[in-house]
Amino acid sequence: MRQRGRSSFLLAVLRSQFIVAVSLVQPALSEALLIVLSPDREDPLSSEDRSVFDDKVSQLLMSNPENWRKALRARFRPEILDVIVDWDELGRFWAKRNLFTHRGSLVDATFKKVFPDGPPIGAPVDITESEVLDTFDFAAGTRLAFLVAAADLVTPSF
C-alpha cells in the first residue's frame, strides 16, 4: 500500500512540474504579444492603454499555440519566428499540459488527435522525471526564442 501511494504521489508531483514548465512559456509570450498588439510608438504606454493591451494578450494566452503563431506572424518576421520557435513541439507540450491541467491526465479525443500513437482514450498518461527536465529545457529555449523574435521590434522606450 505504501509503495502504491508513493508512486501515485510522485506522478502527481511530476505532472504538476510538467504543467509549471510548459506554463513558463506564457510570460515571455505575453511580452511578445504585447509588442505585436501595441502600436508603434515613441512614448511608453499609459496605464489605461496598457490595461487594454493586457486584456487582449490575456485572451490570446487562453487559446493555443496555433493562435499565438497567427497573432505573432502578423507583426514578426515569419522567417525568424518559424526558424526559432518549434511550433509543432510547442503544440504537443501544450496538449499534454492541457490534459494534465483540465482532464486529470486521462486521454480524450482532443489529446488523441495530437498523439494518435499514444495511449487509448480513457487511459492515463504517465510522465517521467526525464520528460519533466526536458520540458523545462524546452520552455527555456522557447522563451528565449520569443524574446529573440521580438528584439528587432522593441523601441528604447518600450
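Since the model is a prediction, treat every value here as computed from it, not as a measurement. (Residues numbered from 1 in each chain as written. Predicted model: local features only at pLDDT ≥ 70, side-chain atom pairs only at ≥ 80, totals over all residues. Heavy atoms only, no water.)

### Let's talk about helix α3 (residues 47-61)
Here comes step 1: With 15 residues, α3 ought to run about 21 Å at 1.5 Å a step, and its terminal C-alpha atoms sit 20 Å apart, in line with that.
Here comes step 2: Buried residues of α3: F53, V57, L60 and L61, and no others. Projection of α3 onto a plane perpendicular to its axis shows the buried side chains occupying an angular sector of 90°, all on one side. Exposed side chains of α3 directed beyond 90 degrees from the buried face belong to S47, E48 and Q59. (Helix = DSSP H or I, 4+ residues; strand = E, 2+ residues; numbered from the N terminus. Expected span 1.5 Å × (residues − 1). Buried < 20%, exposed > 50% of the residue type's maximum accessible area, 1.4 Å probe, protein only. Arc of directions from axis to C-beta.)

### Some words on the pattern of salt bridges
Here comes step 1: Scanning all chains against the criterion turns up 6 salt bridges.
Here comes step 2: For D82, the salt bridge identified is with R73, shortest N-O distance 3.4 Å.
Here comes step 3: Assessed through its relative accessible area of 28%, D82 is described here as partly exposed.
Here comes step 4: When the shortest N-O distance is used, the salt bridge between K96 and E131 registers 3.5 Å. Here E131 lies in helix α8 (residues 129-151) and K96 lies in helix α6 (residues 87-102), a separation of 35 residues in the sequence.
Here comes step 5: Accessibility expressed as a relative area gives 29% for E131, which makes it partly exposed. (Salt bridge = Lys/Arg side-chain N within 4 Å of Asp/Glu carboxyl O.)

### Comments concerning unusual backbone geometry
Here comes step 1: We note that S105 has phi near 70°; this positive angle belongs to a residue other than glycine.
Here comes step 2: Its location among the elements puts S105 in the loop between α6 and α7 (109-114).
Here comes step 3: Here S105 falls in the buried class, since its relative accessible area comes to 4%.

### Some thoughts on the environment of L72
Here comes step 1: Its place among the elements puts L72 in helix α4 (residues 65-73).
Here comes step 2: Taking the relative accessible area as the measure of exposure, L72 reaches 0% and is therefore buried.
Here comes step 3: Residues L72 and A149 lie 77 residues apart in sequence; the distance between their C-alpha atoms is 9.4 Å.

### Things to note about the confidence of the model for the protein
Here comes step 1: Residues with a pLDDT of 70 or more make up 87% of the protein, whose mean pLDDT is 83.
Here comes step 2: Note on residues 1-5: pLDDT under 50 across the span, and 0 contacts to partners over four residues away in sequence or across chains. (pLDDT = per-residue confidence, 0-100. Contact = heavy atoms within 4.5 Å.)

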